[in-house]
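Architecture and fold: a report
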Amino acid sequence: MFLNRYFKGLAGATTLAIVATVGAAMLVTVVPERAEAHIPIALMAPTANGQEPSLAPMLKNVLPAVVNIAVSGTVTVNNPLMQDPFFRHFFGVPNQPQEKEQMQAIGSGVIVDAAKGYILTNNHVVAGANSIKVTLKDGRTFTAKLIGRDKLTDLAVLQIKADKLTALPIADSGNLQVGDFVVAIGDPFGLGQTVTAGIVSALGRTTSVDGYQDFIQTDASINPGNSGGALVNLKGELVGINSEILSRSGGNIGIGFAIPSDLARTVMAELIKHGKINHGQIGVMIQNLTPELAKALGVNAEHGVVVSKVIPGSPAEKAGIKTEDVIVSANGRKITNALQLRNAVGLLEVGQTVKLGVMHNNKLRDIDVTVGKIENMTAANTSDLFAALQGASYAPLTQPNDSGVQRGIVVSDVQPGSPAEQAGLQDGDVIVSVNRHPVSTIEEFQKLAGKNQQQVLLRVARDGGALFLLLTN
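Note that the coordinates shown come from a computational prediction; the quantities given were computed from them, not determined experimentally.

1. A look at the overall build of the protein chain
- The helix and strand inventory of the protein chain stands at ten helices and 28 strands.
- Of the roughly 22,600 Å² of accessible surface on the protein chain, a fraction of 52% belongs to carbon and sulfur atoms.

2. Observations concerning the packing of aromatic side chains
- Counted according to the given criterion, the structure contains two aromatic pairs.
- Note on F215 and F257: the rings are 5.7 Å apart at their centroids and 45° apart in plane angle, and the pair reads as tilted. In this pair, F215 is assigned in strand β13 (residues 215-218) and F257 in strand β16 (residues 256-260), connecting sequence segments 42 residues apart. Each member of the pair, F215 as well as F257, is classed as buried.
- Relative to F445, the ring of Y394 lies with its centre 5.1 Å away and its plane at 45°, an arrangement referred to as tilted.

3. Quick look at unusual backbone geometry
- Despite not being glycine, K164 has its phi angle at roughly 55°, a positive value.
- Within the secondary structure layout, K164 lies in the loop between β10 (155-159) and β11 (181-186).
- The class for K164 is exposed, based on a relative accessible area of 76%.

4. Some points on the pairing of strand β27 (residues 455-462)
- Sheet topology places strand β25 (residues 430-434) next to β27; four bridges connect them, and they run antiparallel. In the sheet register, S433 faces β27, and the bridge partner there is R459.
- Bridge count between β27 and strand β28 (residues 465-472): eight bridges; the pairing is antiparallel. Paired with Q455 across the two strands is T472, which belongs to β28.
- Here β27 folds back onto β28 in antiparallel fashion, the turn holding two residues, of which D463 has a positive phi close to 50°.

5. Brief notes about the pattern of salt bridges
- A full pass over the atoms with the stated rule returns five salt bridges.
- The closest approach of N and O atoms between D368 and K355, which form a salt bridge, is 3.0 Å. Here D368 is found in strand β22 (residues 363-370), whereas its partner K355 is found in strand β21 (residues 353-360), with 13 residues between them in sequence.
- Residue K355 is classed as partly exposed on the basis of its relative accessible area, which comes to 38%.
- For R462, the salt bridge goes to D429, with nearest N and O atoms at 2.7 Å. You can see R462 sitting in strand β27 and its partner D429 sitting in the loop between α9 (419-422) and β25, a full 33 residues away along the chain.
- You can call R462 buried: its relative accessible area is 15%.
- Taken together, the shared-partner salt bridges connect D138, R140 and D163 into one network.

6. Let's talk about the pairing of β11
- Extensive coverage of β11 is indicated by the burial of five of its six residues.
- When β11 meets strand β12 (residues 194-205), the two strands line up antiparallel, connected through six bridges. Bridge assignment links F181 to a residue of β12, and that residue is I199.
- For β11 and strand β14 (residues 230-232), the ladder comprises three bridges, and the chain directions are antiparallel. Bridge pairing in β14 links I185 to A230.

7. Some thoughts on the confidence of the model for the protein chain
- The predicted model of the protein chain has a mean per-residue pLDDT of 78, with 76% of residues at 70 or higher.
- When the criterion is pLDDT under 50, residues 1-37 qualifies, and its contacts beyond four places in sequence or with other chains add up to 104 contacts.
- With pLDDT under 50 throughout, residues 85-91 is counted as low confidence; its partners more than four residues away or in other chains account for twelve contacts.

8. What to know about the nonpolar core
- Within the largest apolar cluster, 30 residues are counted, with the highest numbers of intra-cluster contacts made by L120, L168, I185, V232 and I241.
- No other element matches helix α4 (residues 261-274), which puts five residues into this core.
- Residues within four places of I241 in sequence aside, it is in contact with V110, L120, N122, L155, G228, G229, F257, A258, I259 and A264.
- Membership of the second largest hydrophobic core comes to 24 residues, among which are L389, Y394, V439 and L469.

9. A look at the environment of N300
- Within the element layout of this structure, N300 appears in the loop between α5 (291-297) and β18 (305-310).
- Sequence separation between N300 and M359 is 59 residues; the distance between their C-alpha atoms is 8.6 Å.
- Those residues in contact with N300 that lie beyond four places of it in its chain are M359 and N362.

10. Section: the environment of G148
- Following the sequence through the fold, G148 ends up in strand β9 (residues 145-150).
- Excluding anything up to four places from it in sequence, G148 contacts A156, V157, L271 and G275.

11. Describing α4
- Compared with the 20 Å implied by 1.5 Å per residue over 14 residues, the 20 Å span of α4 between its first and last C-alpha is a close match.
- Of all the positions in α4, only S261, L263, A264, V267, M268, E270 and L271 are classed as buried.
- A positive backbone phi angle near 85° is found at G275, which sits one or two residues after α4.

12. A look at the environment of V125
- By secondary structure assignment, the location of V125 is in helix α3 (residues 123-126).
- Note: C-alpha distance between V125 and N226 (101 residues apart in sequence) is 10.0 Å.

13. Some remarks on helix α7 (residues 338-346)
- Among the nine residues in α7, seven count as buried, and that is most of the element.
- Within α7, the full set of buried residues consists of A338, L339, L341, R342, N343, V345 and G346.
- Tucked into the core, α7 has its buried residues touching β17 (284-288), β18, β19 (326-330) and β21.
- The opening residue of α7, the one whose side-chain oxygen lies 2.9 Å from the backbone nitrogen of Q340, is N337.

Each value, and the rule that gives it
Residues numbered from 1 in each chain as written. Predicted model: local features only at pLDDT ≥ 70, side-chain atom pairs only at ≥ 80, totals over all residues. Heavy atoms only, no water. Helix = DSSP H or I, 4+ residues; strand = E, 2+ residues; numbered from the N terminus. Areas by Shrake-Rupley, 256 points an atom, 1.4 Å probe, with all protein chains shown as cover. Phe/Tyr/Trp six-rings, centres within 6.5 Å; stacked < 30°, edge-to-face > 60°. Buried < 20%, exposed > 50% of the residue type's maximum accessible area, 1.4 Å probe, protein only. Pairing = 2+ DSSP bridges. Salt bridge = Lys/Arg side-chain N within 4 Å of Asp/Glu carboxyl O. pLDDT = per-residue confidence, 0-100. Contact = heavy atoms within 4.5 Å. Core = buried A, V, L, I, M, F, W, Y, C linked by side-chain atoms within 4.5 Å. Expected span 1.5 Å × (residues − 1). Polar contact = N/O pair within 3.5 Å; in protein donor to acceptor, adjacent residues only side chain to side chain.

Put into structure tokens, the structure is as follows:
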């Protein structure tokens with residue numbers, strides 16, 4: 001079973017498996033997989049005037065607000081030969097171990113502001129795009145401007161200059177309940193606008209320890225190309241942005257995930273204002289409180305997260321949080337796992353205050369912590385690093401990532417064309433060792449990967465796998 005974020009090829013989960021793409025022709029193998037379609041029972045009963053019930057009147061107003069998004073661009077591909085310093089020296093090849101490949105993808109988006117032409121979609125639909133084309137239901141096509149995108153919430157905002165646009169009203173997703181009927185709209189497989197219906201199967205879902213997640217789970221069919229499309233209630237209001245599916249083969253089996261509209265609205269406002277999200281952190285390493293851990297620590301808390309480390313100089317340290325403290329709430333909301341705390345803090349602006357309920361020596365107290373940027377507290381001074389590492393930011397891993405990596409140095413903000421990009425580093429990489437020595441602190445990293453080194457061998461954790469990068473001057 002695997003989770004699929006729809007992208008590359010058909011901006012969607014690679015289902016009904018796409019075997020090959022040659023020019024405009026696609027070879028498609030259909031993978032049989034049963035997915036139950038759920039029709040709202042309330043809509044199956046005859047109406048008072050004898051007419052058959054239908055979603056058509058609602059959809060008539062909604063469909064024009066859902067758009068097709070086609071992107072093109074380049075992706076970086078590592079060539080193993082280019083990682084070999086002997087090969088580069090023998091053949092006189094410069095230290096540029098990447099090749100570029102063209103990529104094309106199709107996804108969906110939702111118009112949320114008709115006057116200004118703002119469109120919400122997924123980050124993974126537009127990441128790496130050089131050109132973004134938006135096609136409306138009436139057939140008009142426009143070149144879109146990328147206003148901003150955020151990898152950790154998987155959201156992006158586009159803008160088009162067009163008149164006679166239709167926007168979806170944004171509902172309060174906090175009012176959703178399990179069992180509410182919802183409708184998913186998008187452009188699966190590039191076939192054209194498609195509508196599926198189902199219910200809210202669950203709320204508050206998380207699918208990994210990476211990112212800021214609070215998914216709506218639905219059994220409304222979501223397929224490749226639906227990424228960035230709309231999940232609406234029966235009033236025709238936007239309650240979510242379709243994002244992921246859980247599947248054995250990649251095909252829809254009735255477990256889809258949408259980003260709640262409340263989260264999308266918050267992120268959208270920041271992207272429009274700043275073009276990016278400065279996710280706040282307080283500088284603690286945490287883990288879920290289990291009954292066994294609570295007993296071992298002598299803690300009388302039934303829920304929460306345990307502080308396993310406080311980063312020196314961090315807002316948490318300044319506020320008085322200690323190792324072995326248990327954080328049980330944030331701004332009045334109960335905390336039961338690490339992702340909930342990460343969401344509560346990471347979606348606040350830097351400089352805002354979060355009120356944490358903290359158990360210290362089995363006494364509950366409220367602690368106000370001013371949210372900061374972890375990079376400002378612990379990031380490496382890149383001027384002291386090896387030349388091939390220039391052009392990126394480095395900070396210690398503060399909690400296990402989605403691949404289970406426990407310690408290392410997180411790579412972020414890799415600048416296009418920089419030595420770091422040319423060396424093969426990517427945003428989200430975790431450097432777990434330098435010259436075969438494990439690293440977990442900035443001090444260790446700066447010492448082992450300093451500018452006076454003759455060469456640097458990195459072991460990098462990436463997307464559940466690992467690779468070595470040998471850097472030379």
